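# Topology and contacts: notes
Each chain is listed here by its residues.
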Amino acid sequence: MIFDPNVSFSQDVRDVYLEGPQLTAVEQRITTSTRPTALTKTRYWDIIRTGSMDEVQYANERLMEHAVGVINTMFYDSSGGARFTIKDMHDRWKVLKVYAREGVDGIKELKSVSVTSKTSSSSSSSGSGNTIPFMGRLRDERDEFLPQAFLVNGDTLELQKQHMSSSGNAPTFVVPSHAFDNRDNAEHALKWLVSTLDDPYSKYLTREELEAELKVKDDGFLGLGAIVEVPLKIPDQEQTPLLMKKSLLLSNTRVANLPRVTAIVPDSPAERSGIVVGDRIAAIGSDKFIGLGREEISKRLAIYKGAENYVGYPELTVAKPVIASLGGAFDRLSANANVDDLSMPIVNGVDRVLGYKLSRVRLPTTSVQPFSLADKMNLVVFPSTARNVDEQKSGEMRIAPPSSAAATVTETKQILSGGDSIVHWVLLTPETSIFEKYSSDSLSSDKKIGYIRLTRFSRLATIGYTKAVEELEKAGAQSYIIDVRNNYGGVIQESMLTASTLLRDVNAVLCYTLNSRGGFTPHDVEEYILDEKFPGYFLSNEPKSLTLDQVKRDGQWVPPSSYASIHEQRMSKNYRRPTMNIASFNQYQHQANYDPDRIVDEVKRMKSQKKLVILMNEGTASAAEVFVSSLRDNGRTIALIGTKTYGKGLIQHTFPMPDGGGLRLTVAEYLTPALQHVTKIGGAQYSHGQFIGGGVRPDIYCPSTQGIPKNVGADLCVGLAVDALEDASATEIKIAMNMD
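A brief look at the structure comes next. Per chain, residues are indexed from 1 in the order of the written sequence. Whole-chain, interface and lining totals are the exception, using all residues; otherwise, since this is a predicted model, local features are given only for residues with pLDDT of at least 70 and side-chain atom pairs are given and counted only at 80 or more. The basis for every side-chain value is the complete set of non-hydrogen atoms in the structure, without hydrogens or water.

This part covers the nonpolar core. Grouped together as the largest cluster of nonpolar side chains are 90 residues, with contacts concentrated most on Ile71, Ile452, Val484, Leu502, Phe627, Leu663 and Leu665. The contact definition used throughout considers only heavy atoms, calling two residues in contact when any of these lie within 4.5 Å. Filtering out sequence-adjacent residues up to four positions away, Phe627 remains in contact with Phe457, Ile482, Val484, Ser495, Thr498, Ala499, Leu502 and Ile614. Put simply, a nonpolar core is a bunch of buried Ala, Val, Leu, Ile, Met, Phe, Trp, Tyr and Cys residues held in one set by side-chain atoms that sit within 4.5 Å of each other. Using a 1.4 Å probe on the protein chains alone, a residue whose accessible area is under 20% of its type maximum counts as buried, one over 50% counts as exposed, and one in between counts as partly exposed. Counting residues in each nonpolar core, the second largest holds 30 residues, with Leu224, Ala282, Phe289 and Leu363 among its members.

This part is about empty space enclosed by the protein. Note on definitions: the grid is 1 Å and covers protein atoms alone; a cavity is a set of points where a 1.4 Å probe fits but cannot get out; a pocket is an open set with protein on both sides within 12 Å along at least five of seven lines; lining residues have an atom within 4 Å of a point. Grid points are joined across faces, edges and corners, and a volume is the space filled by probe spheres set on the points. Within the structure shown, the criterion is met by four cavities of 30 Å³ or more. Mapped onto the lining of the largest cavity, the elements with two or more residues apiece are strand S15 (416-419), strand S16 (423-428) and strand S17 (449-454). Among the elements that take part in the lining of the largest cavity, S16 stands out by supplying three residues, more than any other. In the lining of the largest cavity, the residues fall into nine nonpolar, four polar and six charged. Here a helix means four or more residues in a row that DSSP labels H or I, a strand means two or more in a row labelled E, and each is numbered from the N terminus. Gly is put with the polar residues, along with every residue not named as nonpolar or charged; the nonpolar set is Ala, Val, Leu, Ile, Met, Phe, Trp, Tyr, Cys and Pro, and the charged set is Asp, Glu, Lys and Arg.

By definition, a salt bridge exists where a carboxyl oxygen of Asp or Glu is found within 4 Å of a side-chain nitrogen of Lys or Arg. With the rule as written, the count across this model stands at 24 salt bridges. Between Glu187 and Arg183 there is a salt bridge; the shortest N-O distance is 3.9 Å. With Glu187 and Arg183 both in helix H6 (residues 183-195), this residue pair falls four residues apart, about one helical turn. Exposure remark for Glu187: the relative accessible area of 24% places this residue in the partly exposed category. Its relative accessible area of 11% is what places Arg183 among the buried residues. With a shortest N-O distance of 3.2 Å, Lys191 and Glu209 are connected by a salt bridge. Pair noted here: Lys191 is in helix H6 and Glu209 is in helix H7 (residues 207-215), with a separation of 18 residues, a long-range link. With relative accessibility at 31%, the residue Glu209 sits in the partly exposed group. Taken together, the salt bridges that share partners define one network made up of Asp267, Glu271, Arg272, Arg453, Asp483, Arg485 and Asp715.

Linking two cysteines covalently via their sulfur atoms produces the bond known as a disulfide. Two cysteine sulfurs form a disulfide in these notes if their separation is within 2.5 Å. As enumerated under the stated definition, the model contains one disulfide in all. Covalent S-S linkage joins Cys702 and Cys717, the inter-sulfur distance amounting to 2.0 Å. Residues Cys702 and Cys717 are joined by a disulfide whose S-S torsion is about -95°; by sign, that bridge is left-handed. Of this pair, Cys702 sits in the loop between strand S27 (700-701) and helix H19 (716-739) while Cys717 sits in helix H19, placing them 15 residues apart in sequence. Note on Cys702: relative accessible area 0%, which makes it buried. For Cys717, a relative accessible area of 1% translates into the label buried.

Before going further, it helps to examine the pairing of strand S9 (residues 280-284). Across the five residues that make up S9, a large majority, five, are buried. Paired strands are those between which DSSP finds at least two bridges. Here two bridges tie S9 to strand S10 (residues 287-288), and the two strands are oriented antiparallel to one another. The residue of S10 that forms the bridge with Ala283 is Lys288. Remark: two residues form the turn of the hairpin made by S9 and S10, two consecutive strands paired antiparallel; Gly285 in that turn has positive phi of roughly 60°.

The strand order S15-S16-S17-S18-S21-S22-S27 describes an open sheet built from seven strands, whose pairing is mixed. Looking at which strands have only one partner, the edges of the open sheet turn out to be S15 and S27. When strand S18 (residues 479-483) meets strand S21 (residues 611-616), the two strands line up parallel, connected through five bridges. Looking at S21, one finds that Ile482 is bridged to Ile614. With respect to the sheet, helix H11 (residues 459-474) is in contact with S16, S17 and S18, its orientation differing from that of S16 by roughly 15°. Sitting on the sheet, helix H18 (residues 623-633) touches S18, S21 and strand S22 (639-642), and the angle it makes with S21 is about 145°. In this analysis an axis means a line fitted to C-alpha atoms, helices contributing only their contacting stretch, and an angle means the value between N-to-C directions, from 0 to 180 degrees.

A separate point is the side chain of Asp524. Within the secondary structure layout, Asp524 lies in strand S20 (residues 520-524). Two N or O atoms count as a polar contact when they lie within 3.5 Å, although within protein this holds only if one can serve as hydrogen donor and the other as acceptor, and sequence-adjacent residues are included solely when both atoms are side-chain atoms. Polar side-chain contacts of Asp524 include one of 3.0 Å to the backbone nitrogen of Glu527. Those residues in contact with Asp524 that sit more than four places away from it in its chain are Val506, Asn507, Ala508, Val509, Leu510, Trp557, Lys573 and Tyr575.

A few words now on the pairing of S21. Burial analysis of S21 places six of its six residues in the buried class, the great majority of the element. Alternating residues of S21 divide into Lys611, Val613 and Leu615 and Leu612, Ile614 and Met616, and every residue in both groups is buried. Sheet topology note: the S21/S22 ladder contains four bridges and is parallel. Within S22, the residue paired with Val613 across the bridge is Ala639.

Each aromatic ring pair is characterised by the separation of its centres together with the angle its planes make. The criterion for an aromatic pair is that two Phe, Tyr or Trp rings (for Trp, the six-membered ring) have centres within 6.5 Å, with stacked assigned to planes under 30 degrees apart, edge-to-face to planes over 60 apart and tilted to the rest. As enumerated under the stated definition, the model contains six aromatic pairs in all. Relative to Trp45, the ring of Tyr44 has its centre 5.3 Å away and its plane inclined at 85°; by these criteria the two rings are edge-to-face. No difference in accessibility class separates Tyr44 from Trp45, as the two residues are buried. Pairing Phe457 with Phe627 gives two aromatic rings, centres 5.3 Å apart and planes at 45°, and the pair type is tilted. Highlighted residues: Phe457 in the loop between S17 and H11 and Phe627 in helix H18, separated in sequence by 170 residues. Its relative accessible area of 0% is what places Phe627 among the buried residues. Two conditions define a charge located above a ring, namely a distance within 6 Å from the ring centre to NZ of Lys or CZ of Arg, and an angle within 35 degrees of the ring normal. Its guanidinium or amino end placed over the ring of Trp45, Arg207 lies 3.9 Å from that ring's centre, counting from NZ or CZ.

Here it is, written out as structure tokens:
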């Protein structure tokens, strides 16, 4: 798949391609020398330190050859083949290998076959002297497909990637030269080769970078708890909407180079101040980033990594996106959202970034304000004289502005809480939440709500979650709020194990996974009930061992086939179609209109299960999205409250390399139980300034831009969750009365 050097491409454009397994004279010289075949970590570094040039070249070649084999075997292309084919990767490696040893002259020695294209005459008649020799079938003028090409430009070899649009010149990428000569060149070439996958989550990590990952702290950028990265690529420029041309908003193009917040550490100063995923850092104090290039910003940003480099109260200028939800039931600007409209349901539409609004914040670093559990809560209450006669009879008190400051009384309430920075919990009662209505029987059991915050999914998180449930059950919690805001994910198996503790149906599907080998595998609750770490069936009035006993009665579990159709899987495993898109407050409101017989069973089942609301936001990603969607699609949640999740449904695995480094690749994608993509096809979260990255949408909108307070009882989104739980209880009572 390379061009013939004897052909003048300015006069005669031809199709060219590499022949199959046949070796050229150049490749025979590379591969026929007698060298040992095994390349271990010790052997590799001995060669790099003390070997001859020929041995060093061989070791680096074998290292990269190992990486190419892993990529071609395990890499999952979420674009469905638009960005990656095995043949393209094979050709890149073949050309890179020859170019590294023989340079441009070696490239010209490659055996090639030239086939005259049907359109060669028309191409030559155009008079263009810069025609690029395409490797593969020549593009038809009516076809958007542009095959992969390599272009010799003097002593430089350039790659023109596949599938570029014909509207404009396709960009070229310089192929690294002398890739095998030394360690630095090999490292650079290997990183370049992996970058051609065009997957933001796939990368080659040296052994030093792997060790640094293990030592990395959670304090993030400036020690504020925000993970900030400079964009790798600049998105296509977009015209500023006419609506915003005369506004004070920064255009999407203006902020394209600015560092972007990619994750927020839970319970950090950044989270308290309302910084969210998708915000941009425009300045640090007087150090401004607007107008600078990516390389310059990267250099400046390196100075501010970690809390040890900045102690005190940094002042940031943050560019926050102004988003309009278009194409749905209503349009909303998130930056100007009205609190009265937060309970409105969100329907699918396009989220368009209209521009960015600057705001300044000054906040402490994690060294000044480390994580600690809240065991007390200060509430501003009003004296009993504020009650009118009707409110005293009803046992409720309405909070109204006092006539003077002296009329207020600040009370400190002790709260029941526990846990650590990974998982912590609080028991919410009418006395410890400003959103609960005061009643004459404020300690009644039906008013106790268990709040659990999961900051990640891991083995320790599962243990902490189990302890939290046990403590809250002892305290008498009758309904629950699980908070996964800014939960960046973690171990996907642990997230599914946690979700399986909340589902009664052992055949309920938690998610489906797609891999590079064509596998399509359902993962059900039963798979995790049989795990020795399974803690039991939680948040129900039924026995903890209920689901495990059912699995034992059903007999031996048979893993589902990865290559059976959905129909076959449902027939063999008794999988039921999930409840897609639960109603905003209660899952059986819509079902009652369609299946009167089933609603009786549903109400009985729901009465035994304690009501559950989930909080999420832009920082909820990956394994956390698996957790959310598995419960939502199986009808276990009353409502999802927050903002649309990050939209990362891709699964990565780090493969060990012979040099001690790691090759991190996207190896699979998961679909929700309702067979929905979480990641937008193509993997991009942004396109032309629009959020298109998929994600899970909430039932009730509640942004995190106002900050997530340390005191759970003062959290606006927790207040909306309490309202949703109360509305669900009222609906359940009405349905029960209709059934009677």
